[in-house]
Amino acid sequence: MPPGRDDDPKQADLIRRCLEREGHATGVVHDGRAALEEVRRRMPGLLVLDWMMPRTDGLDVCRVLRRESVVPILMLTARAEEDDLLLALDLGADDYMTKPFGPANWSPVSARC
């Protein structure tokens, strides 16, 4: 059950629809604190996490969850520099995907759910 966390509601809705179209149950929250609470409550099979979000950013969410959980974390972000990728992976993200993306890019990712 992958919850999504994205600061852009349209982008979050696209991700949700892509996952649901492939048969996955989803949940969406719009800030880092809510993402932490939702993951702790639902214990999902995958977390799709935006880097830049209000209240607690995605890197902090990733850092905290990596201490508490083995949930796979996919960072989905507009930050495309190699240093950003390496930082996210060092903090515990399992994979990293840059925006923009379209539904055709989503199938390989959703196969991990």
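For the structure itself, consult the block above.
Residues numbered from 1 in each chain as written. Predicted model: local features only at pLDDT ≥ 70, side-chain atom pairs only at ≥ 80, totals over all residues. Heavy atoms only, no water.

All right, on to the overall build of the protein chain then. On a plain count of helices and strands, the protein chain comes out with five helices and five strands. Going residue by residue from the N terminus, the α and β elements of the protein chain occur as β-α-β-α-β-α-β-α-β-α. Looking at the protein chain residue by residue over its 113 residues, the buried ones come to 50%. When the accessible surface of the protein chain is totalled, it reaches about 5,900 Å², and 51% of it is carbon and sulfur. (Helix = DSSP H or I, 4+ residues; strand = E, 2+ residues; numbered from the N terminus. Buried < 20%, exposed > 50% of the residue type's maximum accessible area, 1.4 Å probe, protein only. Areas by Shrake-Rupley, 256 points an atom, 1.4 Å probe, with all protein chains shown as cover.)

Here we take up helix H1 (residues 9-21). Taking 1.5 Å of rise per residue, the 13 residues of H1 would be expected to cover 18 Å, and the 18 Å separating its terminal C-alpha atoms lies within 8% of that figure. Within H1 the residues assigned to the buried category are Gln11, Ala12, Leu14, Ile15, Cys18 and Leu19. For H1, the arc enclosing every buried residue in end-on projection is 160°, short of the 170-degree limit, so these residues lie on one face. The exposed residues of H1 that point more than 90 degrees off its buried face are Pro9, Lys10 and Arg21. Directly beyond the C-terminal end of H1, a positive phi value near 95° is found at Gly23. (Expected span 1.5 Å × (residues − 1). Arc of directions from axis to C-beta.)

With 21 residues, the main nonpolar core has Leu47, Leu49, Val61, Leu65, Ile73 and Met75 as its most contacted residues. Ranked by residue count, the leading element in this core is helix H3 (residues 58-68), at five residues. If you look at the next biggest cluster of nonpolar residues, it comprises 10 residues, including Leu19, Leu74, Met97 and Phe101. (Core = buried A, V, L, I, M, F, W, Y, C linked by side-chain atoms within 4.5 Å.)

Let's shift gears to the packing of helix H2 (residues 32-42) against H3. Contact pair H2 / H3: the axes reach a minimum separation of 10 Å and the direction vectors enclose 20°. Looking at the two axes, H2 sits roughly parallel to H3. Classified by chirality, the crossing of H3 by H2 is right-handed. Across the interface between the two elements, Gly32, Ala35, Leu36, Val39 and Arg40 of H2 pack against Val61, Val64, Leu65 and Glu68 of H3. Broken down by class, the residue content of the contact of H2 with H3 amounts to six nonpolar, one polar and two charged. (Axes fitted to C-alpha atoms, helices over the stretch in contact; angles between N-to-C directions. Parallel < 35°, antiparallel > 145°, perpendicular 65-115°, else oblique. Left-handed = near helix turned anticlockwise from the far one by under 90°. Contact = heavy atoms within 4.5 Å. Nonpolar A, V, L, I, M, F, W, Y, C, P; charged D, E, K, R; others polar.)

Here the structure, examined in full by the defined rule, presents 11 salt bridges. Here Arg16 ties to Asp13 by a salt bridge, and the two come within 2.4 Å at their closest N and O atoms. With a gap of three residues between them, Arg16 and Asp13 both fall in helix H1, about one helical turn apart. Residue class for Asp13 comes out partly exposed when judged on its relative accessible area of 28%. (Salt bridge = Lys/Arg side-chain N within 4 Å of Asp/Glu carboxyl O.)

Among the five residues in strand S4 (residues 73-77), five count as buried, and that is most of the element. The alternating pattern of S4 places Ile73, Met75 and Thr77 on one face and Leu74 and Leu76 on the opposite face, and all of these are buried. Here strand S3 (residues 47-50) pairs with S4 via four bridges, running parallel. Bridge assignment links Asp50 to a residue of S4, and that residue is Leu76. Handedness of the crossover joining S3 and S4 through H3 is recorded here as right-handed. Relative to strand S5 (residues 95-98), S4 runs parallel, the two sharing four bridges. (Pairing = 2+ DSSP bridges. Right-handed = clockwise from strand over helix to strand, strands pointing away.)

So yeah, pure geometry; function would need other evidence.
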